[in-house]
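For reference, the chains in residue letters:
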Amino acid sequence: MGRAGTVARLYHAFDASIAGVRLTLLRLEKEIELGSAEVLDAVSDLRERYANTPGYVVEVVRYNKRGEEVEASVFATVVGTVLFPRPARLIVVRVIEEELRGSRPLQPLPAVKPPGELYISLGRIELPEGVWGVILETDRGVRLVSRDMLAGVKKDSSGEPGSSGA
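In this text, all values refer to a predicted model and were calculated from it rather than measured experimentally.

About the criteria used
Residue numbers run consecutively from 1 along every chain, following the written order of its sequence. Reporting of local features is limited, given that this is a predicted model, to residues whose pLDDT is at least 70; pairs of side-chain atoms are given and counted only at 80 or more, and all residues count toward the totals for whole chains, interfaces and linings. Derived side-chain values reflect all non-hydrogen atoms in the structure, with water molecules and hydrogen atoms excluded from consideration. Secondary structure is summarised from DSSP: a helix means a run of H or I of at least four residues, a strand means a run of E of at least two, and numbering begins at the N terminus for each. For every residue, the accessible area (1.4 Å probe, protein chains only) is compared with the maximum for its type, and the residue is labelled buried under 20%, exposed over 50%, or partly exposed between those bounds. Between two residues, a contact is recorded if the distance between any of their heavy atoms is within 4.5 Å. Only the protein chains shown count as cover for residues, and all accessible areas are computed by the Shrake-Rupley method using a 1.4 Å probe. Take the residue count of a helix, subtract one, and multiply by 1.5 Å to get its expected span. Each C-beta atom gives one direction from the helix axis, and the arc is the one those directions make. For our purposes a nonpolar core is just a set of buried Ala, Val, Leu, Ile, Met, Phe, Trp, Tyr and Cys residues, chained together by side-chain atoms within 4.5 Å. Whenever two N or O atoms come within 3.5 Å, that pair is a polar contact, provided that in protein one can donate a hydrogen and the other can accept it, and provided that, for residues adjacent in sequence, both atoms are side-chain atoms. The rule for pairing is simple: two strands pair if DSSP sees at least two bridges between them. When two rings of Phe, Tyr or Trp (its six-membered ring) have centres within 6.5 Å they constitute a pair, described as stacked for plane angles under 30 degrees, edge-to-face for angles over 60, and tilted for the intermediate range.

Caption draft 1: Layout of the overall build of the protein. On a plain count of helices and strands, the protein comes out with 2 helices and 12 strands. Sorting the 166 residues of the protein into buried and exposed places 37% on the buried side. Restricting to contacts in the protein with at least 6 residues of sequence separation, those with at least 24 account for 60%. Accessible area for the protein stands at about 9,600 Å²; split by element, carbon and sulfur atoms hold 51% of it.

If you want it as C-alpha cells, here you go:
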C-alpha cells in the first residue's frame, strides 16, 4: 500500500551540462513527512522558511489512503524558464542538431542519460552553437525546447519569424 498524508520534497538546483546542453537540474535534498497537514498550510510555512534561500524548488503533495496524489503545490526560489510545472525525474536528453531542423532523421536521435537521479522543473537552459533544440524525456512526459522558444521568437501563421502576414 502507498503512503498517506502530506509530504514535502526539497530540491536543490545546480547548473550542469548534459550532451553539451547547459541547464538547471534539481537534486532531491530532503523529504519531510508532514502527517495530515494541509498542502496550503505546509507551502505557506515552507515558503516563509525558504523565501530568502536561493536555489530551491519545494513540492508539497498530499496522498489519500490508497497512496494516490490528491493535491500538490510547488514554489521555487529559482528563476528561469519553466520546463515542467513540478519537478520531473529526467530520464533522457536528446539533442536536435541545426541541420535536422524540419526534417526527420534517418536514425533515432542519440539518448544521453543523466548521471544519477536528477530532476528538472525550471531554470536556465542554454543550447550550444549548431543545436536547434533538445528533447527532455521525464517521468512526467516529454518536452521539446527549441532555440526559437528560448529566444521568445513569435511566429505568425505562415511560420516565418517576424513576418506580419500581410
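Back to the write-up after that little detour.
Caption draft 2: Inspection of the environment of Arg-22 at higher detail. Structurally, the position occupied by Arg-22 is in strand 2 (residues 21-33). Of the residues examined, Arg-22 reaches a relative accessible area of 33% and is grouped as partly exposed. Sequence spacing of Arg-22 and Ile-125 is 103 residues, and the spatial spacing of their C-alpha atoms is 5.6 Å. Filtering out sequence-adjacent residues up to four positions away, Arg-22 remains in contact with Asp-15, Ala-16, Ser-17, Arg-124, Ile-125 and Glu-126.

Caption draft 3: Region of the structure containing helix 1 (residues 39-50). The end-to-end C-alpha distance of helix 1 is 16 Å, a good match for the 16 Å that 12 residues give at a rise of 1.5 Å each. Looking only at helix 1, the buried set comprises Val-39, Ala-42, Val-43, Leu-46 and Tyr-50. Axial view of helix 1: buried residues confined to an arc of 100°, hence all on one face. Structural note: helix 1 exposes Leu-40, Asp-41 and Glu-48 on the side pointing more than 90 degrees away from its buried face.

Caption draft 4: Representation of the nonpolar core within the structure. Judged by nonpolar contacts, the single largest core of 19 residues is most densely connected at Leu-23, Leu-25, Ile-120, Val-134 and Leu-136. If you list the elements that add at least two residues to this core, you get strand 1 (5-18), strand 2, strand 6 (88-97) and strand 11 (131-138). With 4 residues, strand 6 is the largest single contributor of residues to this core. Among the nonpolar cores identified, the runner-up in size contains 11 residues, and Leu-10, Val-43, Tyr-56 and Phe-75 belong to it.

Caption draft 5: Examining the environment of Arg-140 more closely. Relative to the assigned elements, Arg-140 resides in the loop between strand 11 and strand 12 (141-146). Given the relative accessible area of 41%, Arg-140 is considered partly exposed. Sequence separation between Arg-140 and Pro-87 is 53 residues; the distance between their C-alpha atoms is 8.6 Å. If we skip the residues at most four places from it in the chain, Arg-140 touches Glu-59, Glu-69, Phe-84, Arg-86, Pro-87 and Ala-88. In this structure the side chain of Arg-140 is engaged in a polar contact, spanning 2.9 Å, whose partner is the backbone oxygen of Pro-87.

Caption draft 6: Quick look at the pairing of strand 6. Of the strand pairs in this sheet, strand 6 and strand 8 (residues 119-120) are connected by 2 bridges, and their pairing is antiparallel. From the neighbouring strand, Arg-89 faces strand 8, where its bridge partner is Tyr-119. Of the pairings in the sheet, the one linking strand 6 to strand 11 comprises 7 bridges and is antiparallel in character. Each bridged residue has a counterpart across the sheet, and for Val-92 the counterpart in strand 11 is Glu-137.

Caption draft 7: Representation of unusual backbone geometry. Even without a glycine there, the phi angle at Ala-19 is positive, about 55°. With respect to the secondary-structure elements, Ala-19 resides in the loop between strand 1 and strand 2.

Caption draft 8: Seen up close, the packing of aromatic side chains. Applying the stated rule across the entire model yields 2 aromatic pairs. Judged by centre distance (5.4 Å) and plane angle (50°), the rings of Tyr-50 and Tyr-56 are tilted. Classification of Tyr-56 as buried rests on a relative accessible area of 10%.

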